[in-house]
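# Breakdown of the fold
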Amino acid sequence: MQANNTLTKLSAKAFSNRLIRRVVFGTAAVAALLAVPTQAKAGVSLLLTDNDSSPTAVTVNPGQSFTVTLNVTSTAEKLTGVDYYFKVSGAGAGKLNLTQRDTTGTSFADTLKLDSEVTGSITGQVDLGATLTNVSNALGAGTYLLAKYTISVDANLAPGTYTLSTIDPVGSGVVREAPTFNEQGFDSHALFTVNVASVGSTLPEPAGATVLMALGGLALRRRRR
């Protein structure tokens, strides 16, 4: 009888150990699954830059102009076209004027509107979009130039900080590939800060100009010696 009791105890212990191992292994498997990194969501974003040391901001006086470059980046989606608009925040609405659009070098060369139709006050009402010349040959992942824009600041715009951004109202955005050419909104929009200084303010000199002035002064001192 004692032998049977011992055997029963050993069997119960073995069963318990097996159960513990299953729980541990099951927990480890779940943890491993949770640890597997998920793939980043495919997205299409817009970026405005003026290509200087502070690429997403500019400081200007009222009445002056600046130029920005707009790029589109796709992480995986295929593109055949884009629909987008410019908007200016607050009191800057209607006080920043699009004076020129340059599409030199862009793959999206078939613009929806003529250059003469998109110039004027930026009010968020003008479609600046374009499509590929050959929409049957969609672009894959990558960064692509859309256009360069020259924008003037109204002479009466009050000093302050304003935001120039891209927007995509309902029914606009990214145009996907054939045959459906489905269109949906951008995953991320461009934001560009416009700092309008007081009239007559002395703006920082570009880095190149500062170096040239320093070299000129050095040469002048040498001649005087």
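Placed above this text is the structure.
Let me begin by describing the structure that accompanies this report. (Residues numbered from 1 in each chain as written. Predicted model: local features only at pLDDT ≥ 70, side-chain atom pairs only at ≥ 80, totals over all residues. Heavy atoms only, no water.)

## Focus on the sheet that holds strand β12 (residues 174–175)
Threshold: DSSP-based pairing: two strands are paired if at least 2 bridges between them are found. Every helix listed is a DSSP run of H or I at least four residues long, and every strand listed is a run of E at least two residues long, numbered separately from the N terminus.
The 5 strands are arranged β7-β9-β4-β12-β13 in an open sheet whose pairing can be described as antiparallel. Edge strands, defined here as strands with exactly one partner in the open sheet, are β7 (110–111) and β13 (183–184). The sheet contact formed by strand β4 (residues 81–82) and strand β9 (residues 130–131) spans 2 bridges and is antiparallel. From the neighbouring strand, Val82 faces β9, where its bridge partner is Ala130.

## So, the pairing of strand β10 (residues 142–153)
Every regular strand shows the same layout, with side chains that alternate between the two sheet faces. As judged from the 10 bridges shared by strand β3 (residues 65–74) and β10, these two strands associate in the antiparallel manner. Among the inter-strand pairings, Leu70 is bridged to a residue of β10, identified as Ala147.

## What to know about the pattern of salt bridges
Here the idea is simple: oppositely charged side chains can pair when their charged atoms come close. This is how it is decided: Whenever Lys or Arg places a side-chain nitrogen within 4 Å of a carboxyl oxygen from Asp or Glu, that contact is recorded as a salt bridge. To sort residues, take the accessible area from a 1.4 Å probe on protein chains only and compare it with the maximum for the residue type: under 20% means buried, over 50% means exposed, and anything in between is partly exposed.
All chains considered together, the criterion is met by 2 salt bridges. Taking the shortest distance from any N to any O, the salt bridge between Glu77 and Arg176 comes out at 3.5 Å. On the criterion of sequence distance, the pair formed by Glu77 in the loop between β3 and β4 and Arg176 in the loop between β12 and β13 is long-range, its members being 99 residues apart. When its relative accessible area of 25% is taken as the criterion, Glu77 is described as partly exposed.

## Description of empty space enclosed by the protein
Using the following cut-off: Lining residues are those with an atom within 4 Å of a point, where the points come from a 1 Å grid over the protein atoms alone and group into cavities, where a 1.4 Å probe fits but cannot get out, or pockets, open sets with protein on both sides within 12 Å along at least five of seven lines. Grid points are joined across faces, edges and corners, and a volume is the space filled by probe spheres set on the points. As a working rule, the residues Ala, Val, Leu, Ile, Met, Phe, Trp, Tyr, Cys and Pro are called nonpolar, Asp, Glu, Lys and Arg charged, and the rest polar, with Gly in that last group.
Within the structure shown, the criterion is met by 1 cavity of 30 Å³ or more. Considering only enclosed or pocket space, the largest cavity measures out at about 50 Å³ in volume. Forming the walls of the largest cavity are Val82, Tyr84, Arg101, Thr103, Phe108, Thr111, Leu128, Gly129, Ala130, Leu146, Ala147 and Tyr149. Considering every element that reaches the lining of the largest cavity, the biggest residue donor is β10, with 3 residues. Along the lines of polarity and charge, the residues of the lining of the largest cavity split into 8 nonpolar, 3 polar and 1 charged.

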